[in-house]
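Close look at the chain arrangement
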There are 2 protein chains.
Amino acid sequence: MGRLNKISARLEKAPFDGLLISSPANISYLLGFTARDAYLLLSKRTAVYFTDSRYSEEARQPLRGLASLRQITGQAFKDIADTCASLKLKRVAFEERCLPFARYKLLKTELRRANKGALIPSYGLIEESRMVKEPEEIEHIRKALKITLKALDFIRGFIRPGITELDLAGELERFIRQAGGRGPAFDIIVAFGPNSSRPHHLTGSRKLKKNEPALIDLGVDYNGYKSDLTRVFFLGKMSVTAKRIYDTVRRAQENAIERIQPAVEAGSIDAAARQYITQKGYGGFFGHNTGHGVGLEIHEEPKISRGSKTRIKPGMVFTVEPGIYLPGKFGIRLEEMVLTTEKGCEVISGALNK
Amino acid sequence: MGRLNKISARLEKAPFDGLLISSPANISYLLGFTARDAYLLLSKRTAVYFTDSRYSEEARQPLRGLASLRQITGQAFKDIADTCASLKLKRVAFEERCLPFARYKLLKTELRRANKGALIPSYGLIEESRMVKEPEEIEHIRKALKITLKALDFIRGFIRPGITELDLAGELERFIRQAGGRGPAFDIIVAFGPNSSRPHHLTGSRKLKKNEPALIDLGVDYNGYKSDLTRVFFLGKMSVTAKRIYDTVRRAQENAIERIQPAVEAGSIDAAARQYITQKGYGGFFGHNTGHGVGLEIHEEPKISRGSKTRIKPGMVFTVEPGIYLPGKFGIRLEEMVLTTEKGCEVISGALNK
């Protein structure tokens, strides 16, 4: 398969003989199926997939022609180290952002025992490839978005004063599954009134009142690919302040989106939103990043963050989601998803003014 | 609060001055609220909670009287190291099973810069305390179980040939929320027919046929506490083989449950189930552990696994879930939850013969 070969080819120039992949998203990306509690060992010529008896039967079929299957019986790292020894891999890289320290220690000990091998921290080889989406991946993301937009449309007919945050989340969840999604991409955030001033509010039992904002942050998993959108609804009237904040966030978002094109730095997209919000006097109330990549993971590269030097490329998919949060009062976050094109970007989450 | 003081007191005898906690479940356990992307720094006398602007407003109120709040603005470990320096903590322990290698490296560098401090791997201080549940925790688990059992009852009236795995999972999910659960404790496993031979099958679009098993592995999150149960339904007739396997698994489970009492080793509970299954000729078809602790996490200590020397104590809550999986044919796993008492155990997931 293309992806696996592409990464194996890059190992030719790498300062190690083998790469042990433990990130579930990276393994899914390379093998095309969801992998839990598994490891994938790549060398220039071989791929070996390690999993235990709970998952091995499920893996047999999709692994065909891609990687050989080794069923772990006891301690995974013992089997992995023995395999490294038999493949004569002396310098083995591991994913340092994904492997807990305790596992690093175990693996190091086992590699030394089996092969007098060295363990080398690494990051980014596969993530870099994942940043630029293939047409097939974009299709999956578009389908996830389609279901998300339908769910938000559906909820317009459902939202009313008196409904609780959890009720609304439950209805959204059910709708997503019925519409063909695997499920929500993350715990749905429904935040009414002052709860909306907490960017990652834990959906609870608050009932919606008239004239207060209802913030919904919702993602869908379609075939492993994710979407991520935030909308704020008002039932009744918006206060003058709310209107001003809403317009400020929207304008900041538009500024950021206008900035997107190949070769610009991710940090400059963040700056476009942040500067506008700061200029309007709300700089202290926008604490998080302007956006993040979305794909097999809900948060992935590129980060649209302060000072990021990552160069934007065609095929990158990420969120643009500035927000202003007034503690104890309310918060407005507006989140769209964009696909970078050759000339600029497409807002793939529907019309901006919806 | 009791738990925080208990752990701080144990630091008196520890070979370090401070403990940096990064496990969300451990932080929730100590502070009593759900914490994401946060760190808790404990010394013998102080507790400092680090979080970023997305979560800080939400944390302010529940932290009162427990820990001081420090809002992270840039790199978390820089703030943490500076705090360690100002508290004069020279030897700081971290949770080695929870911190990725890359973060360990960062933290080590920052501590050296700020304080010439040393970083010490640790595990188990809080996990050991969490193994034995307090009455309040047991109440939450019982409530999670009550909703789980209700959901399984509800589904009896719903399950019928032609329904898909995903439909069933969707209905269960919705029921759980309506019944007051925060949501499922993990991705619900619904496995029909041959899919049931995969212990962790990914719920999909297969339709249920008559006379085939429907395996449902379901957990509920109630107030942060989890439940975990597996049931196998047959619509129509069970084959002679299916009946034999079912009875073997049930008997193995009963043997394991009979073995449970304070002071026995967890490994001997595993052995009680495993030996019976092996004796019946199915030893090669039961690859996973017999059980695991359940609480704030769906999988926690104690592990009921081969050779485990962990001594069972009153107040421990764990699953007993032997299984036999015949690849390509079907699988039977039966999972109950028990609470260890002074004399033996209580099966808190309802009558065994349900």
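These figures come from a predicted structure and were not determined experimentally.

A word on the sheet that holds strand 11 (residues 225-226) of chain B. All names here are of chain B. With antiparallel pairing, the three strands of this open sheet are ordered in space as 7-10-11. Strands at the two margins of the open sheet, each flanked by one partner only, are strand 7 (183-184) and strand 11. Here strand 7 pairs with strand 10 (residues 220-222) via two bridges, running antiparallel. Its bridge partner being in strand 10, Gly-183 is matched across the sheet by Asp-221. Strands strand 10 and strand 11 of the sheet are contacted by helix 7 (residues 135-156), whose axis makes an angle of about 140 degrees with strand 10.

All names here are of chain B. Take Asp-217: it is sitting in strand 9 (residues 213-218). In this structure, the C-alpha to C-alpha distance between Asp-217 and His-200, residues 17 residues apart in sequence, is 9.0 Å. In this structure Asp-217 touches Phe-186, Ile-188, Ile-189, Asp-228, Leu-229, Thr-230, Arg-333 and Glu-335, once residues within four positions along its chain are discounted. Engagement of the side chain of Asp-217 in a polar contact is seen with the side chain of Thr-230, the distance being 3.2 Å. Within the structure, the side chain of Asp-217 is placed 2.8 Å from the side chain of Arg-333, a separation counted as a polar contact.

All names here are of chain A. Segmentation of chain A into domains returns domain 1 (2-130) and domain 2 (135-347). Using only C-alpha atoms to locate each centre, domain 1 and domain 2 end up separated by 35 Å. Counting residues at the interface gives nine residues for domain 1 and eight residues for domain 2. For the pair domain 1 and domain 2, the two sides together bury roughly 650 Å², of which 36% comes from carbon and sulfur. Across the domain 1-domain 2 interface, the total number found is two salt bridges. Residue Arg-130 is joined to Glu-300 by a salt bridge in which the shortest nitrogen-to-oxygen separation is 2.7 Å. Where domain 1 meets domain 2, there are three residue pairs in polar contact (both at pLDDT 80 or more). Among the secondary structure elements, those contributing two or more residues to the side of domain 1 that touches domain 2 are helix 2 (24-31) and helix 6 (125-131). With three residues, the single largest contributor to the side of domain 1 that touches domain 2 is helix 2. Residues of the side of domain 1 that touches domain 2, tallied by class, amount to three nonpolar, two polar and four charged.

The next subject is the packing of helix 8 (residues 165-178) of chain A against helix 8 (residues 165-178) of chain B. At their nearest, the axes of helix 8 of chain A and helix 8 of chain B sit 10 Å apart, and the two run at 180 degrees to each other. The pairing of helix 8 of chain A with helix 8 of chain B is recorded here as roughly antiparallel in orientation. When helix 8 of chain A is examined against helix 8 of chain B, the residues Leu166(A), Gly170(A), Glu171(A), Glu173(A), Arg174(A), Arg177(A) and Gln178(A) are found in contact with a partner set consisting of Leu166(B), Gly170(B), Glu171(B), Glu173(B), Arg174(B), Arg177(B) and Gln178(B). In terms of residue class, the contact of helix 8 of chain A with helix 8 of chain B is built from two nonpolar, four polar and eight charged.

Residues and elements named next belong to chain B. The element helix 2 (residues 24-31) is largely enclosed, with a buried count of seven among its eight residues. Regarding helix 2, the residues found buried are Ala-25, Asn-26, Ile-27, Ser-28, Tyr-29, Leu-30 and Leu-31. Of the residues flanking the end of helix 2, it is Gly-32, one or two places downstream, whose phi is positive at about 80 degrees.

What counts, and where the lines are drawn
- Residues numbered from 1 in each chain as written.
- Chains lettered and ligands numbered in written order.
- Predicted model: local features only at pLDDT ≥ 70, side-chain atom pairs only at ≥ 80, totals over all residues.
- Heavy atoms only, no water.
- Pairing = 2+ DSSP bridges.
- Helix = DSSP H or I, 4+ residues; strand = E, 2+ residues; numbered from the N terminus.
- Contact = heavy atoms within 4.5 Å.
- Axes fitted to C-alpha atoms, helices over the stretch in contact; angles between N-to-C directions.
- Polar contact = N/O pair within 3.5 Å; in protein donor to acceptor, adjacent residues only side chain to side chain.
- Domains from an automatic or database assignment.
- Buried area = accessible area lost by both parts, 1.4 Å probe.
- Salt bridge = Lys/Arg side-chain N within 4 Å of Asp/Glu carboxyl O.
- Nonpolar A, V, L, I, M, F, W, Y, C, P; charged D, E, K, R; others polar.
- Parallel < 35°, antiparallel > 145°, perpendicular 65-115°, else oblique.
- Buried < 20%, exposed > 50% of the residue type's maximum accessible area, 1.4 Å probe, protein only.

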